[in-house]
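Descriptive structure summary
Single-letter residue listing:
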Amino acid sequence: MARRKRKHTPDLDIVIPVYNQPEFLHQCLAGLDGVEANIIVVDDASNISIVDAVKSAAPNARILRNMRNMGFPTTATRGVEAGHGKYVLLLNSDVVISAEAIEKMKWVLAFGRVPPSAVDMPTSVEIGIVAPKLTFDSMSPHGKTGTIQHAGIALNHRLQPFHLFLGWRADHPKANEMRSVQAVSGACMMFKRNVWRNIERDGMEPLPTVYGRGTYEDVEFCLLARNMGYRVVYVPDATGTHYVGASASLVGGYDLVGNYSIFQARMRKLAIWDGWYQV
Amino acid sequence: MKNDFVLVVTEFAKIGSGYTSIARMLIDVLHKVLPETDIVVLGLSYRNEEHDAPARVVAVQSFHDLPVMLHNIFLSGANVRALIVALDIPLQGKIVEWLQTEKSEMAKKTRYIGIFPLEATPVDLRAVFAIENMNATFVMTEFAKQELSLHGIASNVIPLAIDTEFWRVPTASEKQKARAKYMIDDSEFVVLVVADNQERKNLSAAVIGFSQFIYGGRELERDERGYATSGVKVVENVALHIVTRVNSPYGWDFADLLLRYGVMEHVVLHERGLPADELRDLYFAADVLLSTSKAEGLGIPILEAISCGLPVIGTKCTAIEEHLTAAGGLMIPPTVTLIDPFGNGKRAIVMPDTVAAGLKMAYNDINVAHTSRQYVLEKSSPTAIETFGQQLLEAINGKAQA
């Protein structure tokens, strides 16, 4: 009797929450060509069809659809929960990142040795979350093309998250050191599924829905992970581009002021002021 | 990551702040004399812009955040070798006061080195209190050093923080190009003012003086609002370019001032915060820099102008007098000198008629306001910077100033 070949299941899930803007989604998916992963697109009740964009660029991707617009935290959570991979890449639909960059991130997550930094907790050992260097997309109105959009997130002494090296040139030496950071952007972050599960086991939401449509949930996720002993690492060798804002669940908009107030109150015991260590 | 550093508190705005060039010089010098020591800068006005300074710069959103930031740093377990504060004396006074309430051992043992300008005499008692609580003092002019010595306070003078390679004499074609950029024709006489729209800069004397220069001091006919309606001009082809905070809520209403004195069509207002290249083009395009300040602690625009080979007309007072006595230029004697009732020290006030006379002299013969670049070159020379580095190192290591 011939032995049945065991179907190879990739150990990486790529979760892409999306709201309208199918052209960006198509570009994002096309960039993932060659990546060995389960791609899960979660449509947050777009009022433009995104099906064709998915089918043409990633025919094997799964599409989940929210019945009504729920916002980023809920949508992303649904996508993560729908997967089973050991690693999860949470990816905005307006980010373009290559298979090579994804492999680099995965390697650091699995095997990376990064010297500890002042922001690491004394008990931190294992790298739990990584993120790449993102530069502004050529069409982005938010920043000069090719300059840094994301190189890790630090918190100032008011516990306001800010993007490190925002707007700096991409090859600036300071922005190209692999290092621990307190947080990274949910626009493109890869994490071990165990991090997610451990946070849930603790009774917390990894991407808290208290933030409504979104903002600050990615920072809180990182802080919760750090509190459990995981390290969050910025991987500058892995690069991608980000348009910024195109993937937002725009229904209702963002409540930046209100969310910051919530974030401060929730995270003040977990967050540390690290602005002066980082730039 | 080294946990041993020198902490600097200063302005670190990309453009528009005189302290930024001082900060950069300070950082470079520290890096040279203490290559193994980290430099951390708490930068007021810094907005996380790209920089290539050999230091870690942290944005300070507001001066009122400083106590918390300093408190956190002192409690963090880091070894702060020295705290160097390059800010105006009133702000330094506040920092000194805060530090006196700091209970941490690190705060108590960290040496405080102050770098500040002294814009006028007499030295305010609050300033003396602040200075006496510093471990070492650096000032920006010989005038300041002399003044402090009268109070028994020893200090050193820092070099001029002027990038003389950037602020340089334009070539003929650069000057022509700059003038063409602002559509200034060859025969036009251009007066440049670079000053904030605040009381001390006495901008009204500059504008009214310019008006009197144009109209030969004659009375103007005015309408019911007080705006000039007509007057006979004795000079036509002149312009006044002012780089300032145009819409300051506390300063002059320029629209009103220019209409009142009939110079609207001769004046160009440039909002402060110009990129350095743009500002330099104005220096290149101008025929003379005019400073009507009542007092100056350093006077960076004057130094930039001298470095660019631009003639200068300035009030005969404090730092302006020190620079123009050494470098040349035309000094306008103040008509009134008084002690400011708000505790800011002496104010030397030039009147519009003397400003007009100065402008007329320069218009007829620009050589009367000629300046020598050698002054700036000497005061910012590698030797001067090396001396400063040694003095700074001694201050950090606890050697008393002579």
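Check the entry above for the structure.
What counts, and at which threshold
Residues numbered from 1 in each chain as written. Chains lettered and ligands numbered in written order. Predicted model: local features only at pLDDT ≥ 70, side-chain atom pairs only at ≥ 80, totals over all residues. Heavy atoms only, no water. Helix = DSSP H or I, 4+ residues; strand = E, 2+ residues; numbered from the N terminus. Rg over C-alpha atoms; globule rule 2.2 N^0.38 Å. Buried < 20%, exposed > 50% of the residue type's maximum accessible area, 1.4 Å probe, protein only. Contact = heavy atoms within 4.5 Å. Areas by Shrake-Rupley, 256 points an atom, 1.4 Å probe, with all protein chains shown as cover. Pairing = 2+ DSSP bridges. Axes fitted to C-alpha atoms, helices over the stretch in contact; angles between N-to-C directions. Polar contact = N/O pair within 3.5 Å; in protein donor to acceptor, adjacent residues only side chain to side chain. Parallel < 35°, antiparallel > 145°, perpendicular 65-115°, else oblique. Nonpolar A, V, L, I, M, F, W, Y, C, P; charged D, E, K, R; others polar. Phe/Tyr/Trp six-rings, centres within 6.5 Å; stacked < 30°, edge-to-face > 60°. Lys NZ or Arg CZ within 6 Å of the ring centre and 35° of its normal. Buried area = accessible area lost by both parts, 1.4 Å probe. Salt bridge = Lys/Arg side-chain N within 4 Å of Asp/Glu carboxyl O. Arc of directions from axis to C-beta. Core = buried A, V, L, I, M, F, W, Y, C linked by side-chain atoms within 4.5 Å.

1. A look at the overall build of chain A
- Broken down by element type, chain A carries eight helices and 12 strands.
- For chain A, whose C-alpha radius of gyration is 18 Å, the value lies close to the compact-globule estimate of 19 Å for 279 residues.
- Here chain A, with 279 residues, has 58% of them falling under the buried criterion.
- Sequence separation of at least 24 residues holds for 76% of the intrachain contacts in chain A that already meet a minimum separation of 6.
- Of the roughly 12,300 Å² that chain A leaves accessible, carbon and sulfur atoms contribute 53%.

2. Quick word on the sheet that holds strand β12 (residues 267-271) of chain B
Residue and element names in this part refer to chain B.
- Taken in spatial order, the six strands make up an open sheet running β12-β11-β8-β13-β14-β15, and their pairing is parallel. Of all strands in the sheet, those with a lone pairing partner are β12 and β15 (330-332), marking the two edges. For this sheet, the mean angle separating the axes of adjacent strands, direction not counted, is 20 degrees.
- Strand direction decides the pairing type here: strand β14 (residues 312-315) and β15, joined by three bridges, are parallel. If you follow G314 over to β15, its bridge partner there is M331.
- Packed onto the sheet, helix α11 (residues 300-307) meets β8 (189-194), β13 (288-291) and β14 and runs at close to 165 degrees relative to β13.
- Taken strand by strand, helix α12 (residues 318-327) contacts β13, β14 and β15, and its axis lies near 145 degrees from that of β14.

3. Details of the side chain of D120 of chain A
Residue and element names in this part refer to chain A.
- Residue placement: D120 occurs in the loop between α4 (99-111) and β6 (126-136).
- On the accessibility criterion, D120 (12% relative accessible area) is buried.
- A polar atom in the side chain of D120 sits 3.2 Å from the side chain of R231.
- Not counting residues within four places of it along the chain, the set of residues in contact with D120 comprises S180, R226 and R231.

4. As for the packing of helix α1 (residues 18-33) of chain B against helix α15 (residues 382-397) of chain B
All names here are of chain B.
- As a packed pair, α1 and α15 sit with axes 9 Å apart at the nearest point and diverge in direction by 70 degrees. Taken as axis vectors, α1 and α15 run roughly perpendicular relative to one another. Between α1, through M25, L26, V29, L30 and V33, and α15, the contact on the second element is made entirely by I385, F388, G389, L392, L393 and I396.
- By residue class, the composition of the contact of α1 with α15 is 10 nonpolar, one polar and no charged.

5. Examining the pairing of strand β11 (residues 188-192) of chain A
Residues and elements named next belong to chain A.
- Within β11, five of the five residues are buried, which leaves the element mostly enclosed by the surrounding structure.
- By the alternation rule, side chains of β11 split into C188, M190 and K192 and M189 and F191, which are all buried.
- With five bridges connecting them, strand β4 (residues 87-91) and β11 associate as antiparallel partners. Opposite Y87, over in β11, you have K192 as the bridge partner.
- When β6 meets β11, the two strands line up antiparallel, connected through two bridges. Pairing of I129 across the sheet is with F191, part of β11.

6. Points about the packing of aromatic side chains
Residues and elements named next belong to chain B.
- Under the defined criterion, the tally for this structure stands at 17 aromatic pairs over all chains.
- Where F189 meets F213, the ring centres are 6.4 Å apart and the plane angle is 65 degrees; that geometry is what we call edge-to-face. With F189 in strand β8 and F213 in helix α8 (residues 203-215), this pair connects stretches of sequence that are 24 residues apart. For the pair shown, F189 and F213 are each scored as buried.
- Plain terms: the ring middles of F210 and F213 are 6.3 Å apart, the flat faces sit at 50 degrees to each other, and that makes the pair tilted. Residue F210 and its partner F213 are both found in helix α8; the two are separated by three residues, about one turn of the helix.
- The class for F210 is buried, based on a relative accessible area of 1%.
- By relative accessible area, which is 5% here, F213 ends up buried.
- Grouping aromatic residues by their ring pairs yields a cluster made of F189, F210, F213 and Y363.
- The ring centre of Y261 lies 5.2 Å from the NZ or CZ of R222, which sits over that ring.
- Over the ring of F166 we find R280, and its NZ or CZ is 4.1 Å from the ring centre.

7. A look at the interface of chain A and chain B
- Across the boundary between the two partners, chain A contributes 16 residues, which contact 24 residues of chain B.
- Of the roughly 1,700 Å² buried at the junction of chain A and chain B (both faces included), carbon and sulfur atoms supply 54%.
- There are one salt bridge connecting chain A and chain B.
- Here R169 of chain A and E50 of chain B are joined by a salt bridge, their closest N and O atoms 2.6 Å apart.

8. Thoughts on unusual backbone geometry
- Cis rather than trans, the peptide bond between T121 of chain B and P122 of chain B has omega equal to -10 degrees.
- Locating P122 of chain B in the fold gives a position in the loop between β5 (111-116) and α5 (125-132).
- Phi at Q21 of chain A takes a positive value of approximately 50 degrees, unusual for a residue other than glycine.
- In this fold, Q21 of chain A is placed in the loop between β1 (12-18) and α1 (22-31).
- Take Q21 of chain A: its relative accessible area is 25%, and that puts it in the partly exposed class.

9. Section: the sheet that holds strand β7 (residues 156-157) of chain B
Residue and element names in this part refer to chain B.
- Read across the sheet, seven strands follow the order β3-β2-β1-β4-β5-β6-β7 without closing on themselves; strand pairing throughout is parallel. Here the strands that pair on one side only, and so sit at the sheet edges, are β3 (56-60) and β7.
- In the sheet, strand β6 (residues 136-139) pairs with β7 via two bridges, with the strands oriented parallel. Among the inter-strand pairings, F138 is bridged to a residue of β7, identified as N156.

10. Details of helix α5 (residues 193-201) of chain A
All names here are of chain A.
- Every buried residue of α5 is listed here: R193, V195, W196 and I199. The arc enclosing the buried residues of α5, seen along the axis, measures out at 160 degrees, which places them on a common side.
- Immediately beyond the C-terminal end of α5, within one or two residues, lies G203, with a positive phi of roughly 85 degrees.

11. So, the nonpolar core
Residues and elements named next belong to chain B.
- In this structure, L30, I84 and Y283 are the most contacted members of the largest nonpolar core, which totals 118 residues.
- For this core, the leading source of residues is α1, giving nine residues.
- When sequence neighbours within four positions are dropped, the list of residues in contact with I84 reads V6, L7, V8, V9, L26, L30, I113, I115, L392 and I396.
- In this structure, L42, I95, A107 and V128 belong to the second largest nonpolar core, which totals 39 residues.

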